[in-house]
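Examining the three-dimensional arrangement
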Amino acid sequence: MLFTMNAQDLLDGLNTVTRALAARPAKQILEGVLISADEDGITLTCSDGSLSIESSITAEVKEPGRVVLPGKLFTELVRKLPGGSVTIKVGDNHAASIRCMASRSNLAGMNPMEYPEMAEVSSGVAVQIQQNRLRDMIARVVFAIAVDETRQILTGCLLEVTPDEARLVALDGYRLAMQKLFQPFQLPEDRDSLKAVIPGRVLSELSKILPEEETFCTLLFDRNRMQATFGNTRLSTVLLAGEYIDYRKILPPSFKTMAKANRLEVQNAIDRASLMAREGKNNLIRMSFESQKLTISSNAELGDVLEEMNAALTGDPLEIAFNAKYISDVIRNITDDELCMKFNSNVSPCVFCPVEGDQFLYLILPVRVFQ
């Protein structure tokens with residue numbers, strides 16, 4: 001195999017596909033990146049067995065072929081190259097010779113015949129979402145995906161698609177995050193909705209490699225796999241099996257108290273209060289709503305923080321406490337100028353939502369505090 005290409009293009013492709021590499025792969029061959037060269041250019045592929053990412057790149061191929069090179073080491077070698085064009089030649093023993101200007105490197109490779117084929121989703125339900133919108137939706141819910149694998153289904157994120165809406169839902173038992181996208185979707189005639197539980201790690205990596213562009217990403221689903229295609233990149237993953245929790249039963253149907261406040265003021269106050277909360281035993285932040293005023297406080301043995309600001313209150317006054325990290329994560333993912341918070345009591349879930357519309361919803365369980 002022999003090809004020449006732009007070094008930065010090669011590095012960009014490697015940065016994309018190596019996100020599929022596992023920290024502790026089940027097989028040595030999965031530590032590598034598969035390079036396939038043909039008349040159309042080169043294709044890079046990495047896999048951890050359940051997630052695979054493939055990227056096609058333009059190259060001048062003089063001798064087609066395939067090889068598997070150590071993924072992380074090869075990427076770092078390319079990262080350190082002086083730039084310009086790089087030429088890679090692979091011999092019969094799978095050893096690669098890497099040449100770039102005055103730089104010369106040799107790297108031992110592996111037999112590509114041992115590398116697993118990337119599973120393809122050839123048919124199923126296709127969903128098209130603008131890349132920048134999908135990236136934004138994912139980024140605003142992934143923090144609420146569970147990391148504890150005792151309930152594996154919660155380590156994934158639920159995607160629901162109907163003819164006029166797509167929504168992503170994540171919950172970990174303490175908080176729920178939901179983002180909605182309103183646009184027409186073409187579903188098969190025999191289906192009125194699509195539901196799929198996508199592994200959290202896969203969504204996190206997808207959001208990092210999706211370009212900030214308005215062109216569409218195509219998500220193709222069959223019974224147990226999802227394939228995402230955008231630009232010159234293709235991602236394939238196994239979906240999580242089982243029924244996701246019926247999150248609609250968790251959402252309160254009505255509220256006794258509603259408060260509106262400036263989102264940036266609340267976020268900055270919570271950031272300051274979090275500094276002291278982290279020094280305390282319980283990492284708690286208290287919020288008190290009364291007489292059109294919001295008071296945010298935290299305390300520890302080293303001191304305390306008290307923040308006051310205006311808030312439009314409808315309903316009963318309320319004092320409630322939250323884990324500082326949980327409420328910080330939520331407010332950090334809201335970009336509206338005004339924050340809308342809804343409550344029933346100091347021991348029931350609190351909901352954060354837009355003042356107008358329902359593009360997003362966040363729910364947090366409070367912490368019971370004994371006076």
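Before reading on, note that the structure itself is shown above.
This report concerns the structure included in the present document. Note on numbering: residues in each chain are counted from 1, in written sequence order. Only residues with pLDDT of at least 70 are given local features in this predicted model, and only at 80 or more are side-chain atom pairs given and counted; all residues enter the totals for whole chains, interfaces and linings. Only hydrogens and water are set aside when side-chain values are computed; all heavy atoms of the structure are taken into account.

Some remarks on the layout of surface pockets
For clarity, the cut-off: Throughout, the protein atoms alone are placed on a 1 Å grid, and a set of points is a cavity if a 1.4 Å probe fits but cannot get out or a pocket if it is open with protein on both sides within 12 Å along at least five of seven lines; lining residues have an atom within 4 Å of a point. Grid points are joined across faces, edges and corners, and a volume is the space filled by probe spheres set on the points. Under the DSSP-based scheme used, a helix requires at least four consecutive residues in state H or I and a strand at least two consecutive residues in state E, with every element numbered from the N terminus. Note that Gly is not counted as nonpolar here; it falls among the polar residues with everything else outside the nonpolar set of Ala, Val, Leu, Ile, Met, Phe, Trp, Tyr, Cys and Pro and the charged set of Asp, Glu, Lys and Arg.
Taken as a whole, the largest pocket encloses approximately 350 Å³ of empty space. Mapped by element, the contributors of at least two residues to the lining of the largest pocket are helix 4 (200-209) and strand 17 (233-238). In terms of residue class, the lining of the largest pocket is made up of nine nonpolar, six polar and three charged. There is about 220 Å³ of room inside the second largest pocket. Around the second largest pocket, the lining is made up of 14 residues, and of these Asp 136, Arg 140, Gln 179, Lys 180 and Gln 359 lie nearest the centre. Breaking the lining of the second largest pocket down by element, the ones donating at least two residues are helix 3 (131-139) and strand 13 (175-182).

Things to note about the side chain of Ser 274
Spelled out, the test is: Partly exposed describes any residue whose relative accessible area lies between the buried limit of under 20% and the exposed limit of over 50%, with all areas from a 1.4 Å probe on protein chains only and scaled to the type maximum. Any N or O atom pair separated by 3.5 Å or less is treated as a polar contact, with the protein-specific requirement of one donor-capable and one acceptor-capable atom, and with residues adjacent in sequence counted only for side-chain atom pairs. Whether two residues touch is decided by their heavy atoms; if any such pair falls within 4.5 Å, the residues are in contact.
Counting through the fold element by element, Ser 274 comes out in helix 5 (residues 263-277). Given the relative accessible area of 5%, Ser 274 is considered buried. From its side chain, Ser 274 meets the backbone oxygen of Ile 270 in a polar contact 2.7 Å long. Non-local contacts of Ser 274, meaning those with residues more than four positions away in its chain, are made with Ile 285, Ala 324 and Ser 328.

Here we look at empty space enclosed by the protein
What the rule picks out here adds up to two cavities of 30 Å³ or more. Estimates place the volume of the largest cavity at around 50 Å³. When its residues are assigned to classes, the lining of the largest cavity shows eight nonpolar, no polar and no charged. In this model, the second largest cavity occupies a volume close to 40 Å³. In this structure, the second largest cavity is lined by Gln 267, Ile 270, Asp 271, Ser 328, Ile 331 and Arg 332. Breaking the lining of the second largest cavity down by element, the ones donating at least two residues are helix 5 and helix 6 (324-332). Classifying every residue of the lining of the second largest cavity by side-chain character gives two nonpolar, two polar and two charged.

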